[in-house]
Amino acid sequence: MSKNIEVACNYLLAYEAKDLAAIAKMIRPDVWLQDWNISGQGESFFLGETRKNFEAAQQINIEILSMQESADMVAAQLQITIHGHELLDVVDVISFDSGNLIRGVRAYKG
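Predicted model only: the values in this text are computed from it and were never measured. (Residues numbered from 1 in each chain as written. Predicted model: local features only at pLDDT ≥ 70, side-chain atom pairs only at ≥ 80, totals over all residues. Heavy atoms only, no water.)

Things to note about the packing of aromatic side chains
Aromatic rings considered in pairs are described by the distance between their centres and by the relative angle of their planes.
Phase 1: Applying the stated rule across the entire model yields three aromatic pairs.
Phase 2: Ring geometry for tyrosine 11 and phenylalanine 46: centres 6.5 Å apart, planes at 50°, overall tilted. Linking tyrosine 11 in helix H1 (residues 3-16) with phenylalanine 46 in helix H3 (residues 43-56), this pair joins segments that are 35 residues apart in sequence. Phenylalanine 46 matches tyrosine 11 in its accessibility class, with the two residues each being buried.
Phase 3: Between tyrosine 15 and phenylalanine 54, the ring centres sit 5.0 Å apart and the planes meet at 75°, which makes this aromatic pair edge-to-face. Here the residue tyrosine 15 occupies a position in helix H1, and phenylalanine 54 occupies one in helix H3, the gap between them amounting to 39 residues. The same class applies to tyrosine 15 and to phenylalanine 54, which are both buried. (Phe/Tyr/Trp six-rings, centres within 6.5 Å; stacked < 30°, edge-to-face > 60°. Helix = DSSP H or I, 4+ residues; strand = E, 2+ residues; numbered from the N terminus. Buried < 20%, exposed > 50% of the residue type's maximum accessible area, 1.4 Å probe, protein only.)

What follows is the structure in structure tokens.
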């Protein structure tokens with residue numbers, strides 16, 4: 001398993017566990033985030049939006065259906081279940097720097 005795949009898996013596990021401290025250790029200070037509702041840059045933006053998602057969901061379950069990797073990116077096809085019944089089909093494209101820190105996350109729904 002490559003280091004980027006390992007970090008991507010750990011990021012998704014931390015997200016599922018709502019472990020903001022673990023996620024904070026995986027990201028760059030200038031990390032960016034884009035999904036179907038929001039777009040922004042910086043650690044405080046990234047962690048703030050992640051915290052909002054954690055607070056809005058009693059429970060998050062993430063099933064990794066597949067992962068594809070390029071030199072500095074991992075794309076993960078996911079099924080995310082929120083509150084035990086709300087199902088989201090999502091693709092997260094996670095970009096990395098040369099030190100295997102997360103440079104950005106772009107999420108696609110549908």
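After that view, the rundown keeps rolling.
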